[in-house]
Amino acid sequence: MPELPEVETIKEDLRGLVVGSKIERAEVLHGSLVEHPTEEGFVRRISGAEISGARRRAKHLIVELSTGDSLVLQLKIGGQLLLVPPVEEPTSSLMLVLHLEGGRRLFLRDQTEFTRARLLDAGELEERLSSLGPEPFGEDFSAEYLRRALSGRRAQIKPLLLDQKVVSGIGNIYVDEILYDAWLHPRRKANTLSGREWEALYEAILKNLVAGVEHRGTTVRLYRDVLDRPGEHQNYLRVFEKHGEPCPGCGGIIVREKVGGRPTHFCPACQPEDGFGGERQLESLW
Ligand SMILES: [Zn+2]
């Protein structure tokens, strides 16, 4: 599902392409799309409003309206927001069409049908976002924050990084790449990480998410930007879905195992479970 870099790319596209446009009519095409308010209220409050802004919080895409309401979208695995008509796909995957002034249309398509939408006023939006952890690019996120938040936890590091209350925006693709860069086994217990390892983890989070944004997201299967173009960061992945292929660092074989219920890709040599890989590598660099 779209993670921070993909939602960030869509948000920037919306800022350039549709902010300032009036929504003449909203058309809901899938009964399970609207979680709040009622479908009737959703359509009525969106129709006639102007799109006044677009922003991202964690993996939420927030379309701000001139009425003070915000359209909050959680794009799931197949979720796409497209300004070009999706001609090649069955129309049944369309969940929402926003008819904009001037004859343009914004299509929300999701062949998995898991994408959900809410229309929230300012108070409801604040409440909805209040439990999310810091943004990786925000001032309140640092190696020290990670160490303080997690060094007392005995849980495995990978599920902790996927917990949106700990840090916002990281999902199953970027987390594997992050742990690879930080030389950390995905099953390492958080309370065993050293100070240098927290630093390495923080640097790896920033490095991977910045690169993902620069490459306009990762298209493993279904992700597209607003103009239906794939991202490019899939060309830079080292471990995600590379199981059976050689590790670019050591030449060993990348493996795939379930960690915290999620398919997980890592190099057992560069990311040993006993935790000495990172220390050894850092020492060899010095
Ligand atoms: Zn390796």
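In what follows, the structure referred to is the one given above.
Residues numbered from 1 in each chain as written. Predicted model: local features only at pLDDT ≥ 70, side-chain atom pairs only at ≥ 80, totals over all residues. Heavy atoms only, no water.

1. Regarding the packing of helix α6 (residues 172-181) against helix α7 (residues 195-214)
Each pair of packed helices gets described by two things: the angle between the helix axes and the distance between those axes.
So, step 1. It is the contact of α6 with α7, at a shortest axis distance of 8 Å, that shows an interaxial angle of 135°. The angle between α6 and α7 falls in the class oblique. Crossing handedness for the pair α6 and α7: right-handed. Together, Tyr174, Glu177, Ile178, Leu179 and Asp181 of α6 and Leu201, Ala204, Ile205, Lys207, Asn208, Leu209 and Gly212 of α7 make up the contact between the two elements.
So, step 2. By residue class, the composition of the contact of α6 with α7 is seven nonpolar, two polar and three charged. (Axes fitted to C-alpha atoms, helices over the stretch in contact; angles between N-to-C directions. Helix = DSSP H or I, 4+ residues; strand = E, 2+ residues; numbered from the N terminus. Parallel < 35°, antiparallel > 145°, perpendicular 65-115°, else oblique. Left-handed = near helix turned anticlockwise from the far one by under 90°. Contact = heavy atoms within 4.5 Å. Nonpolar A, V, L, I, M, F, W, Y, C, P; charged D, E, K, R; others polar.)

2. Concerning the packing of helix α4 (residues 143-150) against α7
So, step 1. Between α4 and α7, the shortest axis-to-axis distance is 8 Å and the interhelical angle comes to 120°. On the basis of their axis angle, the class for α4 and α7 is oblique. With respect to the hand of their crossing, α4 and α7 are arranged in right-handed fashion. Here Ala143, Leu146, Arg147 and Leu150 of α4 come into contact with α7, specifically with Trp198, Glu199, Leu201, Tyr202 and Ile205.
So, step 2. Taken together, the residues of the contact of α4 with α7 break down into seven nonpolar, no polar and two charged.

3. A closer look at the pattern of salt bridges
So, step 1. Going through the model one piece at a time under the given rule, you end up with 24 salt bridges.
So, step 2. A salt bridge links Arg216 to Asp225; the shortest N-O distance between them is 3.0 Å.
So, step 3. A relative accessible area of 2% places Asp225 in the buried class. (Salt bridge = Lys/Arg side-chain N within 4 Å of Asp/Glu carboxyl O. Buried < 20%, exposed > 50% of the residue type's maximum accessible area, 1.4 Å probe, protein only.)

4. As for the pairing of strand β4 (residues 60-65)
So, step 1. Among the six residues that make up β4, five are buried, leaving the element largely enclosed by the rest of the structure.
So, step 2. Looking at chain direction, strand β3 (residues 51-57) and β4 are connected through six bridges and run antiparallel. The residue bridging Ile51 from the neighbouring strand is Leu65, located in β4.
So, step 3. Counted along the chain from β3 to the antiparallel partner β4, the turn is two residues long, and its residue Ala58 has a positive phi close to 55°.
So, step 4. With four bridges connecting them, β4 and strand β5 (residues 70-74) associate as antiparallel partners. Note on β5: the bridge partner recorded for Glu64 is Ser70.
So, step 5. If you look at the hairpin formed by β4 and β5, you'll find four residues sitting between the two strands, and Gly68 has a positive phi there, around 95°. (Pairing = 2+ DSSP bridges.)

5. Focus: helix α1 (residues 4-17)
So, step 1. With 14 residues, α1 should reach 20 Å at 1.5 Å per residue; the first-to-last C-alpha distance of 20 Å fits that figure.
So, step 2. The buried fraction of α1 amounts to ten of the 14 residues, a majority that puts the element mostly inside the structure.
So, step 3. Residues Leu4, Pro5, Glu6, Val7, Glu8, Thr9, Ile10, Lys11, Asp13 and Leu14 constitute the buried set of α1.
So, step 4. Lining the buried residues of α1 we find β3, β4, β6 (80-82), β8 (105-109), α6 and α7. (Expected span 1.5 Å × (residues − 1).)

6. Notes on the sheet that holds β8
So, step 1. On the basis of which strands lie adjacent, the open sheet formed by four strands has the order β1-β7-β8-β6 and antiparallel pairing. Of all strands in the sheet, those bounded by a partner on one side alone are β1 (23-28) and β6. Strand-to-strand twist of the sheet, defined as the mean angle between neighbouring strand axes without regard to direction, takes the value 15°.
So, step 2. Here strand β7 (residues 94-100) runs beside β8; their pairing, made up of five bridges, is antiparallel. The residue bridging His99 from the neighbouring strand is Arg105, located in β8.
So, step 3. The strands touched by helix α2 (residues 39-46) are β1 and β7; relative to β1, the strand with the most contacts, the crossing angle is about 160°.

None of this, on its own, says anything about what the molecule does.
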